[in-house]
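Remarks on the overall topology
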Amino acid sequence: MIVSLKGVRFWAFHGVFPEERVLGNWFTVNLAVEFTASQPILELENTIDYGTLHQWLKEEMEIPTPLLEEIGERMVEKCKNRIPSLKKVQFEIQKQQPAIGLLSGNSSISIVFEAQ
């Protein structure tokens, strides 16, 4: 089973440049969590609540961080520590219009973790 959040937007203060930590920027996050269901999923307690996933993302996005990779690593660790039946986590974060000259697109990092 896979539960995912796609295109979740946050205004946050991440980046290595001082102005990024003052001015802030829009970030878009995609998160997919694959797990093994121990029984048929008929109730919320038998699955992963995407509201809980959103809360975890929100907590991480509220911590000003120089590198997007660090946010991804923290989110993967959070999933590993809190989801016993975890099989795989896919995390992507995009910084909209990063402070690198005239770039009109975005920059992003992706992390994939697969349990052994």
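The paragraphs below set out a description of the structure included in this document.

Rules behind the numbers
- Residues numbered from 1 in each chain as written.
- Predicted model: local features only at pLDDT ≥ 70, side-chain atom pairs only at ≥ 80, totals over all residues.
- Heavy atoms only, no water.
- Buried < 20%, exposed > 50% of the residue type's maximum accessible area, 1.4 Å probe, protein only.
- Axes fitted to C-alpha atoms, helices over the stretch in contact; angles between N-to-C directions.
- Helix = DSSP H or I, 4+ residues; strand = E, 2+ residues; numbered from the N terminus.
- Parallel < 35°, antiparallel > 145°, perpendicular 65-115°, else oblique.
- Left-handed = near helix turned anticlockwise from the far one by under 90°.
- Contact = heavy atoms within 4.5 Å.
- Nonpolar A, V, L, I, M, F, W, Y, C, P; charged D, E, K, R; others polar.
- Phe/Tyr/Trp six-rings, centres within 6.5 Å; stacked < 30°, edge-to-face > 60°.
- Lys NZ or Arg CZ within 6 Å of the ring centre and 35° of its normal.
- Pairing = 2+ DSSP bridges.
- Polar contact = N/O pair within 3.5 Å; in protein donor to acceptor, adjacent residues only side chain to side chain.
- Expected span 1.5 Å × (residues − 1).
- Arc of directions from axis to C-beta.

1. A closer look at unusual backbone geometry
- Residues other than glycine seldom take positive phi values, yet Gln97 does so here, at roughly 45°.
- On the basis of relative accessibility, which here comes to 54%, the residue Gln97 falls in the exposed class.

2. Focus: the packing of helix α2 (residues 50–61) against helix α3 (residues 68–82)
- Orientation of α2 relative to α3, taken along the N-to-C sense of each, is 140°, at an axis distance of 10 Å. By the criterion of interaxial angle, the relationship of α2 to α3 is oblique. Note that α2 runs across α3; the crossing there is right-handed. When α2 is examined against α3, the residues Leu53, Trp56, Leu57, Glu59, Glu60 and Met61 are found in contact with a partner set consisting of Ile71, Arg74, Met75, Lys78, Cys79 and Arg82.
- Split by residue class, the contact of α2 with α3 holds 7 nonpolar, no polar and 5 charged.

3. Re the packing of aromatic side chains
- Here the structure, examined in full by the defined rule, presents 1 aromatic pair.
- Taking 5.4 Å as the distance between ring centres and 75° as the angle between the ring planes, the aromatic pair formed by Trp11 and Trp26 counts as edge-to-face. Linking Trp11 in strand β1 (residues 2–12) with Trp26 in strand β2 (residues 25–35), this pair joins segments that are 15 residues apart in sequence.
- Against the face of Trp26 rests Arg9, its NZ or CZ located 4.2 Å from the ring centre.

4. Observations concerning the sheet that holds strand β3 (residues 86–96)
- With respect to topology, 4 strands assemble into an open sheet ordered β1-β2-β3-β4, the strand pairing being antiparallel. Edge positions in the sheet fall to β1 and β4 (106–114), since each of these pairs with one other strand and no more. Looking at each pair of strands side by side, their axes are set apart by 10° on average, direction ignored.
- Sheet topology places β1 next to β2; 9 bridges connect them, and they run antiparallel. The residue of β2 that forms the bridge with Leu5 is Leu31.
- Where α2 meets the sheet, it contacts β1, β2 and β3, and its direction lies at approximately 35° from that of β1.
- Running over the sheet, α3 touches β2, β3 and β4 and is turned about 155° from β3.

5. Side note on the environment of Asn30
- Inspection of the secondary structure assignment puts Asn30 in strand β2.
- C-alpha separation for the pair Asn30 and Ser110, spaced 80 residues apart in sequence, amounts to 9.2 Å.
- Apart from residues no more than four positions distant in its own chain, Asn30 is found in contact with Leu5, Lys6, Gly7, Gln90, Phe91 and Glu92.
- Looking at Asn30, its side chain comes within polar contact range of the main-chain nitrogen of Gly7, at 2.6 Å.

6. Remarks on α3
- Look at α3: 21 Å from first C-alpha to last across 15 residues, which is about the 21 Å you get at 1.5 Å a residue.
- For α3, the complete set of buried residues consists of Leu68, Ile71, Gly72, Met75, Val76, Lys78 and Cys79. Across the axial projection of α3, the buried residues extend over an arc of 155°, all falling on one side.
- Here the buried face of α3 lies against β2, α2, β3 and β4.

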